[in-house]
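Architecture at a glance
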Amino acid sequence: MQDLNKDIITSLIPVLNTIHKENRTRQYWELLLGYWVNVFTAVMYDRWSVVKDAIDKGLLDESAGQSKPIGHQVANNSGLFINLTSEDAWNASTITWIVNKCFWHESAELVPCNTQSHHEKALSSNAVRVKTGLKDIFKRFLNTLSAQFGKKDQIILVSDYMQFRPRQKLLLRFGIGPRYWSPPKAPEFEYKHEMRSWEPSLPIGESCFTSLIIESLPKMIPKAFVEGYQWVAKTAESMGWPDSPKVIWTSNSHFTDEVFNAWAGAKRELGSRFIIGEHGGFGTGDFNGAGTFQLHVADRFISTGWESTGNKITPVGNFRQLGVKQKWNSQGGALLVCVAMPRYSFDMRSMVIAGQMVSYFEEQFLFVDSLPADIRERVAVRLYPHDYGWNQKERWRNKHPSVKLDDGSCPIKKQIQRSRVIITTYNATAYLETMFHNIPTIIYWNPDHWEVNNDAQPLFEELKRVGIFHDSPHSAAKQLSLIWDNIEEWWYSNEVQEAKNSFCDKYSANPPDMIDRLEKVLRVEMEVAQGNIIAADSKDDGIS
């Protein structure tokens, strides 16, 4: 799939350069739309595979297709495209079109329609408009101040995920004061059919799926890359950010912020170095489409402790938690931290995908069922703030009417302060953060859904040996029951601390010189940008 993504970008470069009268490099376009391409191919392959499997099993017949035009919403930007892929209407039209195109060979056309997605409707409500409007005004004010005082900054941090104090401590070492950079939000762009009368040339063998990609790409590519590109490019050029930064660091904006990516892409063409900080905890996962994209487009990738093949990754520690003070309560209850994923697949990743969420919910119910009544009464269930149509609250109420539910509106930091132990049920940041702060933690998940890589497996085995990690909810519940009255004795025992520390050293490290490590990364990348050292030398920069 990654080869297909590269081929798609190769085919888009001359098309978009011609349409927009540009002469941008591959590096520029990969940063601007590479993540969208990654999501697009993963989504289309999933939907195509589902249809093919249903037909092969005789679950679909010709009544599923249609020859009349199929209304289809074209996303304004890549972020809205991802939101659309989790909505029923978008998937219904996409799957109907795939059935016609690839299997019944009907001539049904995808035609743009102007219906709003659920996400856009929510954003357009009066209450949300007022709240976001005031927030946007404040962001613009801070951005204007940053542009006024930071025009000559050589380092720029955007959505870096560091806390304010350590970030400022780091920036002061380069003579840079407080900054807040926030690109403006894009307006709604008008769909123009004449700008989409092109077809990508993919240098791969003919197949039904290839044909699907060739025909759907011009129809589904977000308007920010076609009709709205001139606005994106001009806004990126005129928003007053530093003219010649040596280093650009983000931990999140590179995914779906087109204005930021256009600005950063243009600066990279002039020699700026592009750093990505680890977003989430994908270092332990076996495969991750978003992670592969990040490692490809970054000049330097800052990890929370782990390394891999190649010379792009520099481990510095869990910089996201640097400066955070987190307490817990040895006499408190237990906090069960849950997740929800979209009902439709959006990435190829080691995680619960689509319908697997049903079994995920059952695993959480089984955990609570397996607890003694007195402990069960002390458990608070933290629901994921994005429901994705799963009706999490109703599911829990039907299964456990009396369980304490937290809808995610209360900051998790406060919930942890009230808890004696944190139980995490998915492979992401939650357990990495609690173990970083040495808070009693129990982890469990289905290893067939949350596959871990070979490097992480031995460390998980050690966590399993000391009772931190479990591969079943029943085992995790048994462990919680066993240690409930002596949490501190268990957690602070030598063997538990040694296993926890060994794991954290690689995936959520807290070295005493973390600021020094970050400074060294930035200085090395500045030297590369200035041509004083070659990029390959930055692998042996003494940071370990």
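Provided above is the structure to which this section pertains.
Let me begin by describing the structure that accompanies this report.

Rules used throughout
- Residues numbered from 1 in each chain as written.
- Predicted model: local features only at pLDDT ≥ 70, side-chain atom pairs only at ≥ 80, totals over all residues.
- Heavy atoms only, no water.
- Helix = DSSP H or I, 4+ residues; strand = E, 2+ residues; numbered from the N terminus.
- Buried < 20%, exposed > 50% of the residue type's maximum accessible area, 1.4 Å probe, protein only.
- Contact = heavy atoms within 4.5 Å.
- Lys, Arg positive; Asp, Glu negative; His and termini not counted.
- Charge placed at Lys NZ, Arg CZ, Asp CG, Glu CD.
- Axes fitted to C-alpha atoms, helices over the stretch in contact; angles between N-to-C directions.
- Left-handed = near helix turned anticlockwise from the far one by under 90°.
- Nonpolar A, V, L, I, M, F, W, Y, C, P; charged D, E, K, R; others polar.
- 1 Å grid on protein atoms, 1.4 Å probe; cavity = no way out; pocket = protein on both sides within 12 Å on 5 of 7 lines; lining within 4 Å.
- Points joined across faces, edges and corners; volume = space filled by probe spheres on them.
- Pairing = 2+ DSSP bridges.
- Expected span 1.5 Å × (residues − 1).
- Core = buried A, V, L, I, M, F, W, Y, C linked by side-chain atoms within 4.5 Å.

**Considerations on the overall build of the chain**
Along the backbone of the chain there are 21 helices and 13 strands. With respect to the principal axes defined by its C-alpha atoms, the chain has extents near 70 × 65 × 50 Å. The buried share among the 544 residues of the chain stands at 55%. When contacts within the chain are restricted to residue pairs at least 6 apart in sequence, long-range pairs at least 24 apart make up 77% of them. Within the chain, the 64 negative side-chain charges are centred at a point lying 7 Å from the centre of the 60 positive side-chain charges.

**Quick word on the packing of helix α9 (residues 229–238) against helix α10 (residues 258–269)**
Closest axis-to-axis distance for the α9/α10 pair is 8 Å, and the angle between their directions is 60°. Once α9 is placed against α10, the crossing between them reads as right-handed. Residues W231, V232, T235 and A236 of α9 form the contact with α10, whose own contacting residues are E258, V259, A262 and W263. Partitioning the contact of α9 with α10 into residue classes produces 6 nonpolar, 1 polar and 1 charged.

**Section: empty space enclosed by the protein**
Taken as a whole, this structure holds 1 cavity of 30 Å³ or more when the rule is applied. Roughly 40 Å³ of internal volume is contained in the largest cavity. In terms of lining residues, the largest cavity is bounded by D153, I155, I156, L157, R167, L171, I176, R179 and W181. Residue assignment for the lining of the largest cavity shows that the elements contributing at least two residues are β3 (155–158) and α7 (164–172). Ranked by residues supplied to the lining of the largest cavity, first place goes to β3 with 3 residues. Residues of the lining of the largest cavity, tallied by class, amount to 6 nonpolar, no polar and 3 charged.

**Notes on the sheet that holds β3**
Sheets are built from strands that pair by backbone hydrogen bonding, the pairs being arranged parallel or antiparallel. An order of β3-β4-β5-β6-β7 is seen for the 5 strands of this open sheet, with the pairing classed as parallel. Each edge of the open sheet is held by one strand with a lone partner, namely β3 and β7 (313–315). Pairwise comparison of adjacent strand axes, ignoring direction, gives a mean angle of 20° for this sheet. Taken together, the 3 bridges between strand β5 (residues 273–277) and strand β6 (residues 300–303) define a ladder with parallel strand orientation. What sits directly across from G277, in β6, is I302.

**A word on helix α21 (residues 514–529)**
The terminal C-alpha atoms of α21 lie 23 Å apart, and with 16 residues this matches the ideal 22 Å at 1.5 Å per residue to within 8%. Taken as a whole, α21 has its buried residues at M514, I515, R517, L518, E519, V521, L522, V524, E525, M526 and V528. After α21 finishes, the residue G531 shows a positive phi value of roughly 85°.

**Some remarks on the nonpolar core**
Formed by 139 residues in total, the largest nonpolar core has its most connected members in L336, F367 and L480. In contact with L336, not counting residues within four places along its chain, are F367, V368, V379, A380, V381, R382, W396, I423, T425 and Y444. If you look at the next biggest cluster of nonpolar residues, it comprises 21 residues, including L171, V247, I275 and F319.

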